[in-house]
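# Structural characterization, general
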Amino acid sequence: MTTLSEMKCEACQAGAPQVSDIELAELIGQLPDWSTPVRAGVMQLERVYTFKNFKQAWAFSNKIAELAEAEFHHPGILLEWGKVTVTWWTHAISGLHRNDFIMAAKTDQLL
Ligand SMILES: C[C@H](O)[C@H](O)[C@H]1CNC2=NC(N)=NC(=O)C2=N1
């Protein structure tokens, strides 16, 4: 079985379906360290990573940015001293697409 981190994002346009409740339950089950906050009506996928200092957090943020550009699917990244908060959602559909779960799994692989 292909794991999420081995999958590739698919091109996602406006009108693409958000994950269903059943898909959401199945996918979030593969990402135990991630939460699904809803902000301004938009469900997102979020994880906080902690580090020993700003420099390590900064380096991790750069890796995420490179991954996002390679997959052309981009997160929110909050860089703080010793912390990186990564938030994935699909702007085009104002919600969660399978791509967001793939990218969250790939983000975990960067550690
Ligand atoms: C023009 C539009 O921003 C692009 O097609 C891509 C870029 N990266 C993206 N990233 C995310 N998270 N959602 C998008 O809808 C998205 N669209």
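Rules used in this analysis
Residues numbered from 1 in each chain as written. Predicted model: local features only at pLDDT ≥ 70, side-chain atom pairs only at ≥ 80, totals over all residues. Heavy atoms only, no water. Core = buried A, V, L, I, M, F, W, Y, C linked by side-chain atoms within 4.5 Å. Buried < 20%, exposed > 50% of the residue type's maximum accessible area, 1.4 Å probe, protein only. Helix = DSSP H or I, 4+ residues; strand = E, 2+ residues; numbered from the N terminus. Contact = heavy atoms within 4.5 Å. Pairing = 2+ DSSP bridges. Axes fitted to C-alpha atoms, helices over the stretch in contact; angles between N-to-C directions. Salt bridge = Lys/Arg side-chain N within 4 Å of Asp/Glu carboxyl O.

A few words on the nonpolar core. Counting 25 residues, the largest nonpolar core has Leu4, Leu31, Trp34, Leu45, Trp88 and Phe101 as the members making the most contacts within it. Looking at this core, the elements that each hand over two or more residues are helix H1 (21–28), strand S3 (45–50), helix H2 (54–71), strand S5 (83–88) and helix H3 (98–109). Setting aside chain neighbours within four positions, we find leucine 45 in contact with Ile28, Leu31, Trp34, Ser35, Thr36, Val86, Thr87, Trp88, Leu96, Asp100, Phe101 and Ala104.

Spatial ordering of the open sheet is given by S3-S5-S4, a layout of three strands whose pairing is antiparallel. Either end of the sheet is taken by a strand with one partner, and the two such strands are S3 and strand S4 (76–80). Within this sheet the neighbouring strands show an average axis-to-axis angle of 10°, counted without direction. Of the strand pairs in this sheet, S3 and S5 are connected by six bridges, and their pairing is antiparallel. If you follow tyrosine 49 over to S5, its bridge partner there is valine 84. Of the strands in this sheet, S3 and S5 touch H3, which is tilted by about 10° from S3.

Oppositely charged side chains may form a pair once their charged atoms are brought near each other. The full count for this structure, using the stated rule, is six salt bridges. The salt bridge partner of lysine 8 is glutamate 71, with a shortest N-O separation of 3.1 Å. Placement of lysine 8 in the segment before H1 and of glutamate 71 in helix H2 is noted, with a sequence separation of 63 residues between them. Residue lysine 8 is classed as exposed on the basis of its relative accessible area of 59%. Here glutamate 71 falls in the buried class, since its relative accessible area comes to 14%.

What follows deals with unusual backbone geometry. The residue phenylalanine 72 is not glycine, and still its phi comes out positive at about 50°. Within the secondary structure, phenylalanine 72 sits in the loop between H2 and S4. Overall, phenylalanine 72 belongs to the exposed group, its relative accessible area being 63%. At serine 94, a residue that is not glycine, the phi angle is positive and equals roughly 50°. By secondary structure assignment, the location of serine 94 is in the loop between S5 and H3. The class of serine 94 is partly exposed, set by a relative accessible area of 41%.

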